[in-house]
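# Geometric and topological summary
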Amino acid sequence: MPAVRFPTQGFATEEGTILAWLKALGASVALNEIGEDDGVTRNANIVRAGIDGAEVLTSGDRNIEASSSSAIDAIIVMTSMSVAASSGSFSVSVSLGVAAAENDIATDVEALIEDSPNVDAANLSLSATDDSTIDAVTLAISVGISASSNAAVGVNGALVYNKNTIANHTRAVIEGSTVDATGTLDTVAVSNAEIDATGVSIAMSVAASGGISVGVSLSGAVVTNTIDNVITAGLYGGSNVSA
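In this report, we go over the structure that sits alongside the text. Only a predicted model underlies this, so the values are computations on that prediction, with no experimental measurement involved. (Residues numbered from 1 in each chain as written. Predicted model: local features only at pLDDT ≥ 70, side-chain atom pairs only at ≥ 80, totals over all residues. Heavy atoms only, no water.)

### A look at the pairing of strand β15 (residues 151–166)
Under the convention used in this document: Only protein chains enter the area calculation, which uses a 1.4 Å probe; residues under 20% of their type maximum are buried, those over 50% are exposed, and those in between are partly exposed. Secondary structure is summarised from DSSP: a helix means a run of H or I of at least four residues, a strand means a run of E of at least two, and numbering begins at the N terminus for each. Strands were regarded as paired on the criterion that DSSP finds at least two bridges between them.
In terms of burial, β15 is a largely internal element, 12 of the 16 residues being buried. Examined bridge by bridge, strand β10 (residues 90–105) and β15 share 16 bridges and lie parallel to one another. Bridging from a neighbouring strand, Ser 91 pairs with Ala 152 of β15. Alignment of β15 against strand β20 (residues 212–227), held across 16 bridges, turns out to be parallel. When the bridges of β20 are listed, Val 155 appears paired with Val 216.

Structure follows, in structure tokens:
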């Protein structure tokens with residue numbers, strides 16, 4: 001389980017002067033990939049079982065099975081804290097925490113008979129199963145404290161961005177082949193892909209003074225989940241099949 005944490009914190013005190021100022025900025029970024037598919041170029045992780053360009057003769061049953069359980073478990077946490085205190089006129093505290101994560105799975109799961117001139121069996125089955133999962137938690141926390149005898153300002157922000165994509169191809173296919181099954185013939189392709197994602201942003205501002213106090217907190221979280229799978233089962237490419 002990849003985990004990323006970059007805490008940022010700062011403290012400033014100033015006495016007998018006009019201004020105490022402190023800013024704390026922090027960011028955490030995580031990128032996790034199993035295979036790659038950007039919509040233009042595909043460089044997938046491949047899980048394949050099958051018969052390719054071969055002649056297979058058997059009087060028994062033949063089962064061709066391919067399965068994948070690709071998984072990404074990701075936790076990213078960002079904490080940012082600032083404290084500014086002054087006995088003079090003015091104190092300012094600014095704190096910003098940003099956490100961003102992108103998790104991608106692109107896997108080809110294939111159970112195939114292709115370009116084979118003669119495959120004989122009693123009962124023949126092709127099964128391809130995809131059980132890919134993404135579990136992602138992204139958290140950003142920002143805390144700011146400002147104190148002054150006259151005026152205090154605290155400004156804090158926490159932002160979260162979490163993008164998760166599964167783009168798998170699952171195939172159970174007979175293609176360009178001659179197959180004779182004296183019993184049953186089954187081609188089954190199944191995808192159980194799942195994404196579980198949580199994004200949390202927390203911003204807290206505390207401003208205290210004997211005069212004017214202003215505290216501003218901003219937080220936002222964006223989480224996008226996309227499953228764009230292709231699932232194929234059957235006979236293709238001019239295959240000659242008897243069952």
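### Quick notes on the environment of Val 94
Note on placement: Val 94 falls in strand β10. Considering only alpha carbons, one finds Val 94 and Ser 82, 12 residues apart in sequence, at a separation of 6.6 Å.

### With respect to the sheet that holds strand β6 (residues 45–52)
Rules: Between N-to-C directions, angles cover 0 to 180 degrees, with each direction set by a line fitted to C-alpha atoms, over the stretch in contact for helices.
As summarised here, the arrangement of the four strands in space is β6-β11-β16-β21, forming an open sheet in which the pairing is parallel. In this open sheet, the two strands that pair with only one neighbour each are β6 and β21 (230–236). Each strand axis lies, on average, 5° off the axis of its neighbour in the sheet, ignoring direction. Of the strand pairs in this sheet, strand β11 (residues 107–114) and strand β16 (residues 169–175) are connected by seven bridges, and their pairing is parallel. Residue Glu 114 lies in a different strand from β16, and its bridge partner there is Glu 175.

### Notes on the nonpolar core
Defined as follows: Put simply, a nonpolar core is a bunch of buried Ala, Val, Leu, Ile, Met, Phe, Trp, Tyr and Cys residues held in one set by side-chain atoms that sit within 4.5 Å of each other. It only takes one pair of heavy atoms within 4.5 Å for two residues to be counted as in contact.
If you look at the biggest cluster of nonpolar residues, it comprises 16 residues, and the most contacted ones within it are Ile 113 and Leu 126. Contacts of Ile 113, omitting those with residues within four sequence positions, involve Ile 51, Ile 64, Val 119, Leu 124, Leu 126, Val 173, Ile 174, Glu 175, Ser 177 and Val 179. Listed in part, the eight residues of the second largest apolar core include Ala 74, Ile 105, Ile 166 and Ala 193.

### Some points on the sheet that holds strand β17 (residues 178–181)
Judged by pairing direction, the sheet is parallel, and its four strands sit side by side in the order β7-β12-β17-β22 without closing on themselves. Each edge of the sheet is formed by a strand with only one pairing partner; in this case those strands are β7 (55–57) and β22 (240–242). Here the average twist between neighbouring strands, direction ignored, is 10°.

### A few points about the pattern of salt bridges
Heads up, the rule is: Any carboxyl oxygen of Asp or Glu within 4 Å of a side-chain nitrogen of Lys or Arg constitutes a salt bridge here.
Evaluated as defined, the whole model comprises five salt bridges. Here Arg 42 makes a salt bridge to Asp 37, at a shortest N to O gap of 2.7 Å. By relative accessible area, which is 33% here, Asp 37 ends up partly exposed. The partner of Asp 108 in a salt bridge is Arg 42, with the nearest N and O atoms 2.6 Å apart. Within this pair, whereas Asp 108 is found in strand β11, its partner Arg 42 is found in strand β5 (residues 42–43), the two being separated by 66 residues in sequence.

### Thoughts on the side chain of Thr 138
Let me state the cut-off plainly: Nitrogen and oxygen atoms within 3.5 Å of one another constitute a polar contact, given that in protein one can donate a hydrogen and the other can accept it, and given that sequence-neighbouring residues count only through two side-chain atoms.
Within the secondary structure, Thr 138 is located in strand β14 (residues 133–148). Relative accessible area serves as the criterion here: at 0%, Thr 138 is assigned to the buried category. Looking at Thr 138, its side chain comes within polar contact range of the side chain of Asn 162, at 2.9 Å. Look past the residues within four positions of Thr 138 in its chain and what remains in contact with it is Ile 76, Ala 99, Ala 100, Ala 101, Val 160, Tyr 161, Asn 162, Thr 198, Gly 199 and Val 200.

### Notes on a nonpolar patch on the surface
Here is the rule: Patch definition: residues above 30% relative accessible area lacking any salt bridge, with like charges linked at up to 9 Å and the nonpolar side chains Val, Leu, Ile, Met, Phe, Trp and Tyr linked at up to 5 Å. The method behind every accessible area is Shrake-Rupley, applied with a 1.4 Å probe, and residues are considered shielded solely by the protein chains displayed.
Where nonpolar side chains cluster on the molecular surface, the patch consists of Val 155, Ile 212, Val 214, Val 216 and Leu 218 and spans about 400 Å² of accessible area. Here the element with the most residues in the nonpolar patch is β20; it accounts for four residues. By secondary structure assignment, the location of Val 155 is in strand β15.

### Some remarks on a negative patch on the surface
Note the threshold: Positive: Lys, Arg. Negative: Asp, Glu. His and the chain ends are not part of the count. Every charge is mapped to an atom, namely NZ of Lys, CZ of Arg, CG of Asp or CD of Glu.
A surface patch of like charges, here negative, comprises Asp 73, Asp 135, Glu 194 and Asp 196. Within the element layout of this structure, Asp 135 appears in strand β14.

### Considering the side chain of Ser 142
Tracing the sequence through the fold places Ser 142 in strand β14. A polar atom in the side chain of Ser 142 sits 2.9 Å from the side chain of Ser 95. At 3.3 Å, the side chain of Ser 142 and the backbone oxygen of Gly 157 are in polar contact. Filtering out sequence-adjacent residues up to four positions away, Ser 142 remains in contact with Ser 80, Ser 95, Leu 96, Gly 97, Asn 156, Gly 157, Ala 158, Ile 202, Ala 203 and Met 204.

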